[in-house]
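This is what each chain is made of:
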Amino acid sequence: MGLRPGFMDDSGTDEDKESLQEFVSKVIENLKHVDKKSLEIIREACQPPEDMIITTKEGKRKHLLEDFSAVICPVIRCMFVGFLNVESMLYIWDQYMMGVHNCQYKMECLSAYVAIVIKLLSHHLKDCQSSTAMQRVIQTQGPKLQTHQFQYQIKKYFVDKFKKLLKEKDEDVFPVLDPTQAWSHWNREVIPDRTTSVDRRRARDLRLADRQRVLEEEREQWEKIIAEEESKRKTGGYLPYLQLDSSKPASRSQHNNESPLNQLENERRDRIETERKLQAEINMLREELRAARREQRPLTTLSLETVVSRYIMPAPANTPQDGIVQYPIPIHSIVDDEAEEVKNILTEMIKKVHISTHKVAHGAGRARSNLDKETLRFINLHKEHLKKAEMKVFGHYLGSNEFDSLPSSQKEIKSAELMTVIQELIEEDHERQERR
């Protein structure tokens with residue numbers, strides 16, 4: 001709540017009132033850019049009453065701001081809750097939260113979406129004679145607006161402005177999450193080249209070779225030091241600092257006067273002994289843990305026949321002629337109850353996740369049938385647009401391999417022309433839907 005701008009608060013302070021007037025002026029400015037007819041409808045509905053005579057231009061503008069603010073204040077103070085359906089409302093919230101720390105972006109974002117709501121409902125608002133009637137129309141007809149209508153209007157009029165505001169501090173790129181807008185990147189960082197298994201194996205071999213080289217250099221350095229110490233000791237160049245008395249214990253001094261090779265050998269022996277003791281303690285703890293688990297495992301109730309059948313061999317069906325009875329070798333199958341229980345739990349969880357994701361992706365019940373109908377309609381509409389574009393660009397419908405047989409330069413040119421025509425057809429369809 002602390003990040004809410006002043007025009008969304010109903011505090012009544014002069015600062016918030018000025019912020020609200022600035023926001024309403026921004027909405028009117030956006031309406032001039034988006035649809036001037038909608039702005040004329042607002043001016044007609046916000047006309048002063050007959051008993052109020054306003055002659056100055058500034059007075060008319062002030063009256064328009066006051067009446068229009070009474071229409072849009074309830075919409076922005078609750079962030080479109082109750083005035084739009086949930087899907088469209090959450091889409092607007094996503095766009096708003098991307099620049100929630102940018103005051104200018106918040107002003108531009110909310111004013112743009114309010115202007116789009118007025119534009120999309122202009123054919124319902126043209127019969128309104130007061131601000132109260134306009135507010136009632138927005139509340140009743142607003143939930144019928146679809147998300148793709150907002151996405152189309154944002155892409156057409158405001159997406160470039162939003163991108164500039166989000167990148168004005170030269171930070172990482174935060175794109176407007178509009179499915180109709182193609183994005184080539186999410187940030188400005190250099191994407192590393194894709195590596196293959198051969199490259200990764202070669203890099204691993206190089207790392208191992210470097211590590212082996214470092215170890216060899218260290219070993220050679222130690223051998224050199226040891227050889228120098230031994231040569232000094234043999235030639236008399238090494239003189240101990242202390243003369244030891246044979247009658248006194250000199251274990252510590254002898255240890256200090258040992259050669260580095262003997263010291264390394266002693267350290268290695270001590271380390272092996274320590275590791276052996278630690279391993280013994282680890283094995284003992286593992287045995288204690290296994291015993292505790294066996295004690296906690298619940299006992300299964302078995303019938304007497306089941307217990308007896310496990311340990312008593314069944315009688316042979318018939319006796320061979322040589323008189324030697326061959327009993328079957330008993331096979332005891334040990335079933336781990338805990339592993340089976342974990343397997344059942346994971347299987348059940350995966351089934352539920354699969355069912356949930358399937359419902360999210362494809363819907364359920366009436367929502368699924370509606371989604372299938374809309375998907376089929378969009379597929380047929382795309383095919384129709386593609387055929388019209390082929391006829392307009394090539395003058396005839398393309399064959400199965402006709403486009404592939406074109407030169408590469410012609411393919412790029414014709415593909416760009418086809419996409420331009422398809423985009424024009426999509427915009428015409430959106431305009432027809434808005435006029436309905």
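Structure: see above.
Rules used throughout
- Residues numbered from 1 in each chain as written.
- Predicted model: local features only at pLDDT ≥ 70, side-chain atom pairs only at ≥ 80, totals over all residues.
- Heavy atoms only, no water.
- Helix = DSSP H or I, 4+ residues; strand = E, 2+ residues; numbered from the N terminus.
- Buried < 20%, exposed > 50% of the residue type's maximum accessible area, 1.4 Å probe, protein only.
- Contact = heavy atoms within 4.5 Å.
- Areas by Shrake-Rupley, 256 points an atom, 1.4 Å probe, with all protein chains shown as cover.
- Disulfide = S-S within 2.5 Å.
- Salt bridge = Lys/Arg side-chain N within 4 Å of Asp/Glu carboxyl O.
- Phe/Tyr/Trp six-rings, centres within 6.5 Å; stacked < 30°, edge-to-face > 60°.
- Lys NZ or Arg CZ within 6 Å of the ring centre and 35° of its normal.
- Polar contact = N/O pair within 3.5 Å; in protein donor to acceptor, adjacent residues only side chain to side chain.
- Core = buried A, V, L, I, M, F, W, Y, C linked by side-chain atoms within 4.5 Å.

Visitor: I keep staring at the overall build of the protein and nothing clicks. Help me out?
Guide: A tally of helices and strands in the protein yields 16 helices and 0 strands. Taken over 436 residues, the protein has a buried fraction of 25%. Partitioning the contacts of the protein with sequence separation of at least 6, the portion at a separation of at least 24 is 62%. When the accessible surface of the protein is summed, it comes to about 32,600 Å², and 54% of that surface belongs to carbon and sulfur atoms.

Visitor: Is there a simple way to think about the state of the cysteines in this case?
Guide: Defined simply, a disulfide is a covalent bond joining two cysteines at their sulfur atoms. All told, the structure shown has 0 disulfides when counted by the stated rule. Left unpaired, Cys46 is separated from the closest cysteine sulfur, that of Cys128, by 9.9 Å.

Visitor: Any chance you could explain the pattern of salt bridges here in plain terms?
Guide: Pairing between side chains becomes possible if they bear opposite charge and their charged atoms approach one another. Taken as a whole and judged by the stated rule, the model has 14 salt bridges. Notably, a salt bridge pairs Glu223 with Arg219, separated by 2.6 Å at the nearest N-O pair. You can see Glu223 and its partner Arg219 sitting in helix H10 (residues 197-235), 4 residues apart, about one turn around the helix. Relative accessible area serves as the criterion here: at 43%, Glu223 is assigned to the partly exposed category. The shortest N-O distance in the salt bridge between Glu424 and Lys392 comes to 3.9 Å. Taken together, the residues span a long stretch of sequence, with Glu424 in helix H16 (residues 408-435) and Lys392 in helix H15 (residues 366-394) at a distance of 32 residues. A residue is classified by how much of its surface remains accessible, and Glu424, at 37% relative accessible area, is partly exposed. In this structure Lys392 comes out as exposed when scored by relative accessible area, which is 60%. In this structure, a network of salt bridges that share partners links the residues Lys26, Glu29, Glu108 and Lys161.

Visitor: What exactly am I supposed to notice about the packing of aromatic side chains here?
Guide: For any pair of aromatic rings, geometry is given as the distance between the ring centres together with the angle between the planes. Per the counting criterion, the structure on display carries 5 aromatic pairs. Ring centres of Tyr105 and Phe162 lie 5.5 Å apart, and the angle between their planes is 70 degrees; this geometry places the pair in the edge-to-face category. Of the two residues, Tyr105 is situated in helix H5 (residues 103-120) and Phe162 in helix H9 (residues 159-166); the sequence distance between them amounts to 57 residues. Assigned by exposure class, Tyr105 and Phe162 land together as buried. Note that Arg377 overlies the ring of Phe378, its terminal NZ or CZ placed 4.7 Å from the centroid. Directly above the aromatic system of Phe394 lies the positively charged group of Lys414, at a separation of 5.5 Å from the ring centroid.

Visitor: Any chance you could explain the side chain of Asn85 here in plain terms?
Guide: Tracing the backbone through its elements, the reader meets Asn85 in the loop between helix H3 (57-77) and helix H4 (86-98). Residue classification places Asn85 among the buried residues on the basis of a relative accessible area of 19%. Here the side chain of Asn85 touches Glu87 through a polar contact of 3.3 Å, landing on its backbone nitrogen. Among the polar contacts listed, one links the side chain of Asn85 to the backbone oxygen of Pro143, at a separation of 3.0 Å. Discounting residues that sit within four places of it in the chain, Asn85 has contacts with Pro143, Leu145 and Gln146.

Visitor: Explain the nonpolar core here, please?
Guide: A general trend in soluble globular proteins is that nonpolar side chains are found buried together. Grouped together as the largest cluster of nonpolar side chains are 57 residues, with contacts concentrated most on Phe23, Phe68, Phe80, Tyr113, Leu125, Ile138 and Phe150. Elements with a contribution of two residues or more to this core: helix H1 (14-34), helix H2 (36-45), H3, H4, H5, helix H7 (131-141), helix H8 (147-157) and H9. Considering each element in turn, this core owes the most residues, 12 residues, to H5. Residues in contact with Tyr113, not counting those within four places in the same chain, are Phe80, Tyr91, Ile92, Gln95, Phe150, Ile154 and Phe162. If you look at the next biggest cluster of nonpolar residues, it comprises 8 residues, including Val393, Leu418, Ile422 and Leu425.

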